[in-house]
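# Structural features, examined
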Amino acid sequence: QVQLVESGGGLVQAGGSLRLSCAASGMIFSINAMGWYRQTPGKQRELVAAITSGGSTNYADSVKGRFTISRDNAKNTVYLQMNSLKLEDTAVYYCLRVSGASGRYYPVGSWGQGTQVTVSS
């Protein structure tokens, strides 16, 4: 069974930084594209960033230049480095396998608990 455990969320002031981690198990991690999604109460989940098995990345326009997705296949872990955080970045962040073409990804599998990121003024 695939398990994805997000961590690293917390409370941070606007302009600050946070790094999220996603530990994967139950799959051959290295061959899968991975993505970070986020959801704010009352809003639809959106794909924030994705990374392919080869390391190519894709970002939502709202986070370009501020967020960086990366992966460490040896550790079966994907990261999301978030810099210059804004109030609107407040959300629960989820890590999931993704499939599809660049810029047109869809989530694969079940949603986990996610990790809460709260940006304060």
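Residues numbered from 1 in each chain as written. Predicted model: local features only at pLDDT ≥ 70, side-chain atom pairs only at ≥ 80, totals over all residues. Heavy atoms only, no water.

## What to know about the overall build of the protein chain
The number of helices and strands found in the protein chain is zero helices and 11 strands. For the protein chain, the succession of helices and strands along the chain, N to C, is β-β-β-β-β-β-β-β-β-β-β. Expected size for 121 residues packed as a compact globule is a radius of gyration near 14 Å; at 13 Å, the protein chain falls within 12% of this value. A principal-axis box enclosing the C-alpha atoms of the protein chain has dimensions of 40 × 30 × 25 Å. Residues counted as buried form 40% of the 121 residues belonging to the protein chain. Considering only intrachain contacts with a sequence separation of at least 6, the fraction spanning at least 24 residues in the protein chain is 56%. (Helix = DSSP H or I, 4+ residues; strand = E, 2+ residues; numbered from the N terminus. Rg over C-alpha atoms; globule rule 2.2 N^0.38 Å. Buried < 20%, exposed > 50% of the residue type's maximum accessible area, 1.4 Å probe, protein only. Contact = heavy atoms within 4.5 Å.)

## Let's talk about the nonpolar core
Counting residues in each nonpolar core, the largest one holds 35 residues, and the members touching the most others are Trp36, Val78, Leu80, Met82 and Tyr93. When contributions to this core are tallied by element, the ones reaching two or more residues are strand 3 (18–25), strand 4 (33–39), strand 5 (46–51), strand 7 (67–72), strand 8 (77–82), strand 9 (91–99) and strand 11 (115–120). Looking at this core, the element that brings in the most residues is strand 9, giving seven residues. Setting aside anything within four residues of it in sequence, one finds Val78 in contact with Leu20, Ser21, Cys22, Phe29, Met34, Trp36, Ile51, Ile69, Ser70, Arg71 and Cys95. (Core = buried A, V, L, I, M, F, W, Y, C linked by side-chain atoms within 4.5 Å.)

## Topic: the packing of aromatic side chains
Applying the stated criterion across every chain, the model contains two aromatic pairs. Taking the centre distance of 5.1 Å and the plane angle of 90 degrees together, the rings of Tyr37 and Trp111 count as edge-to-face. Of this pair, Tyr37 sits in strand 4 while Trp111 is found in the loop between strand 10 (106–108) and strand 11, placing the two residues 74 residues apart along the sequence. Overall, Tyr37 belongs to the buried group, its relative accessible area being 5%. Overall, the relative accessible area of 30% leaves Trp111 in the partly exposed class. Joined through ring pairs, the aromatic side chains of Tyr37, Tyr94 and Trp111 make up one cluster. In this structure, Arg45 is placed above the aromatic ring of Tyr94, and the distance from its NZ or CZ to the ring centre is 5.7 Å. Cation over ring: Arg71 sits above Phe29, and NZ or CZ is 4.5 Å from the ring centre. (Phe/Tyr/Trp six-rings, centres within 6.5 Å; stacked < 30°, edge-to-face > 60°. Lys NZ or Arg CZ within 6 Å of the ring centre and 35° of its normal.)

## Focus: the state of the cysteines
Scanning the model with the defined rule gives one disulfide in all. Here Cys22 pairs with Cys95 through a disulfide, and the sulfurs are 2.3 Å apart. A torsion of -80 degrees about the S-S bond marks the disulfide between Cys22 and Cys95 as left-handed. You can see Cys22 sitting in strand 3 and its partner Cys95 sitting in strand 9, a full 73 residues away along the chain. (Disulfide = S-S within 2.5 Å.)

## A look at the pairing of strand 11
In regular strands, side chains alternate between the two faces of the sheet. Here strand 11 shows a clear split, with Thr115, Val117 and Val119 buried on one side and none of Gln116, Thr118 and Ser120 buried on the other. Bridging between strand 2 (residues 10–13) and strand 11 involves four bridges; their strand directions are parallel. Considered in strand 11, the bridge of Gly10 is made with Val117. Where strand 9 and strand 11 come together, three bridges link them in antiparallel fashion. Within strand 11, the residue paired with Ala91 across the bridge is Val117. (Pairing = 2+ DSSP bridges.)

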